[in-house]
Amino acid sequence: MSISGYRVAVVGATGLVGETILQILEERDFPVSEIIPLASENSSGKTIIYKDKTVKVLSLEGFDFEGIDIALFSAGAAISETYAPLAARAGVIVIDNSSIFRNDPDIPLIVPEVNPLAIDGFRERNIIANPNCSTIQMLVAIKPIYDAVGIKRITVSTYQSVSGMGRKAVEALAKQTARLMNGLGVEEDIFAKQMAFNVIPEIDELQENGYTREEMKMVWETQKILQDVSIQVNPTAVRVPVFFGHSESVHIETQQYIDAAMVRELLNNAPGVEVIDSTEELVSASPAINAVGQDQVFVSRIREDLDNNTGINLWIVSDNIRKGAALNAVQIAELLVKTQL
């Protein structure tokens, strides 16, 4: 670190998440002495604008991480698996957005509003993992309830936007929509099936237990972040024809009684949460109207279970690219600066 701040590398700087990380670092005035955007050989030589300065994108391949303080990786699991350990061995603290390190017991998996103290574990390997976007927004919303009355079981259905698959998926959905609106068929693209005007109840690879990997991430990550292997998570992950913003229908069974009014009070005082809910009229958050470009996790439709006096229903919405990836990574970096560096 120099007197003016930290040397920060952003790996995957030309992708959707990488671009948003750069934007958030600037917006939140993170103490950067030098920003180093890194990408594939195909993107090297391009430029980005950071704090009104033009900065050249460098190739990740062969890059020497010596002297870098913090590296935020958002280029996919294969890239992270190869390059994150190289950076870590060079003394860099890596904050990784991929899934490759999340289940490693000696790598902390952090949501700053939920388990900030777990960040102490980064010194073992110099790597911190960023959770799955769907896990992040769900845990930001339910952690106050978990702390107050405990949670036995979570049943969650996610409605995930195509931006979770990257820029090509956003472009493919736009193209499919335009073709279908003009009476043309869908051409083969990044999606396995027609995405426009459709929903697909399968994300990532099918596992032996019949759940997809995307669904199992929510199980593994919830238990690890809350440090509670007894908590049961029953997930269904669905891809929907929305460009940005993930939504979730969540039903929780608590250890002790809690009513909807108590939940509203808890969430109204929770960090990172905004409640859009009313007992007098039907108001609710939606991804396009409320979440896109925003930092908060929005919670609506807070209802008690009709039959179970320890059951609560929630509707949770958040920007998956922002809070679900980029912002959470920057918040981890801020937590490092505040408590560890």
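The structure this text deals with has already been given above.
Presented here is a report on the structure given in the accompanying data block. (Residues numbered from 1 in each chain as written. Predicted model: local features only at pLDDT ≥ 70, side-chain atom pairs only at ≥ 80, totals over all residues. Heavy atoms only, no water.)

1. Details of the sheet that holds strand E9 (residues 151-160)
Thinking step 1. In space, the six strands of this open sheet follow the order E10-E9-E11-E14-E13-E12, with mixed pairing throughout. Single-partner strands in this sheet number two, and they are strand E10 (232-239) and strand E12 (273-275). Here the strands of the sheet are splayed against their neighbours by 20 degrees on average, with no regard to which way each runs.
Thinking step 2. Note that E9 and strand E11 (residues 246-254) share eight bridges and pair antiparallel. Within the sheet, the bridge partner assigned to Ser157 lies in E11 and is Ser249.
Thinking step 3. The strands touched by helix H5 (residues 213-226) are E9, E10 and E11; relative to E10, the strand with the most contacts, the crossing angle is about 145 degrees. (Pairing = 2+ DSSP bridges. Helix = DSSP H or I, 4+ residues; strand = E, 2+ residues; numbered from the N terminus. Axes fitted to C-alpha atoms, helices over the stretch in contact; angles between N-to-C directions. Contact = heavy atoms within 4.5 Å.)

2. Re the pairing of strand E7 (residues 93-96)
Thinking step 1. Of the two faces of E7, the one holding Ile93 and Ile95 and the one holding Val94 and Asp96 are both buried throughout.
Thinking step 2. In this sheet, E7 lies alongside strand E6 (residues 70-73) in parallel orientation, the contact comprising four bridges. For Ile70, the partnering residue across the bridge sits in E7 and is Ile93.
Thinking step 3. Tracing the backbone out of E6, into helix H2 (residues 77-89) and back to the parallel element E7 gives a crossover that is right-handed.
Thinking step 4. With three bridges connecting them, E7 and strand E8 (residues 127-129) associate as parallel partners. Bridging across to E8, Val94 finds its partner in Ile127. (Buried < 20%, exposed > 50% of the residue type's maximum accessible area, 1.4 Å probe, protein only. Right-handed = clockwise from strand over helix to strand, strands pointing away.)

3. Let's talk about helix H1 (residues 16-27)
Thinking step 1. With 12 residues, H1 ought to run about 16 Å at 1.5 Å a step, and its terminal C-alpha atoms sit 16 Å apart, in line with that.
Thinking step 2. Buried within H1 we find Leu16, Val17, Gly18, Thr20, Ile21, Leu22, Ile24 and Leu25.
Thinking step 3. Contact partners of the buried residues in H1: strand E1 (6-11), strand E2 (32-39), strand E3 (47-50), E6, helix H4 (167-181) and helix H8 (322-339).
Thinking step 4. Asp29 occupies a position one or two residues after H1 and carries a positive phi of about 55 degrees. (Expected span 1.5 Å × (residues − 1).)

4. What to know about the side chain of Asn115
Thinking step 1. The residue Asn115 is located in the loop between E7 and E8 in this model.
Thinking step 2. Beyond its immediate stretch of four places on either side in the chain, Asn115 contacts Leu109, Ile110 and Ile225.

5. Focus: the nonpolar core
Thinking step 1. Formed by 56 residues in total, the largest nonpolar core has its most connected members in Phe65, Phe73, Ile154 and Leu314.
Thinking step 2. When residues in this core are grouped by element, the largest group, nine residues, is from helix H3 (residues 133-149).
Thinking step 3. Every residue in contact with Ile154, bar those within four places of it in the chain, is listed here: Met138, Ile142, Thr222, Ile231, Gln232, Val233, Asn234, Val250, His251 and Ile252.
Thinking step 4. Grouped together as the second largest cluster of nonpolar side chains are 45 residues, Ala13, Ile48, Ile119 and Val330 included. (Core = buried A, V, L, I, M, F, W, Y, C linked by side-chain atoms within 4.5 Å.)

6. A few points about the pattern of salt bridges
Thinking step 1. One pass over the full model with this rule turns up 18 salt bridges.
Thinking step 2. The closest approach of N and O atoms between Arg7 and Glu34, which form a salt bridge, is 2.8 Å. Taken together, the residues Arg7 in strand E1 and Glu34 in strand E2 connect sequence positions 27 residues apart.
Thinking step 3. Note on Arg7: relative accessible area 26%, which makes it partly exposed.
Thinking step 4. Of the charged contacts, one joins Asp204 and Lys217 as a salt bridge, the two residues approaching to 3.5 Å between their closest N and O atoms. Of the two residues, Asp204 is situated in the loop between H4 and H5 and Lys217 in helix H5; the sequence distance between them amounts to 13 residues.
Thinking step 5. Look at Asp204 and you get partly exposed, because its relative accessible area is 41%.
Thinking step 6. The buried category is assigned to Lys217, whose relative accessible area is 10%.
Thinking step 7. Within the structure, one salt-bridge network assembled from shared partners comprises Glu27, Arg28, Asp295, Arg322 and Glu334. (Salt bridge = Lys/Arg side-chain N within 4 Å of Asp/Glu carboxyl O.)

7. Notes on the packing of H3 against H8
Thinking step 1. Relative to each other, H3 and H8 sit at 85 degrees, their axes nearing to 8 Å. One element, H3, and the other, H8, form an angle in the roughly perpendicular class. Note on element contacts: H8 touches H3 through Lys323, Gly324 and Asn328, opposite Cys133, Ile136 and Val140.
Thinking step 2. Within the contact of H3 with H8, the residues separate by chemical class into three nonpolar, two polar and one charged. (Parallel < 35°, antiparallel > 145°, perpendicular 65-115°, else oblique. Nonpolar A, V, L, I, M, F, W, Y, C, P; charged D, E, K, R; others polar.)

These figures come from the coordinates and say nothing about function on their own.
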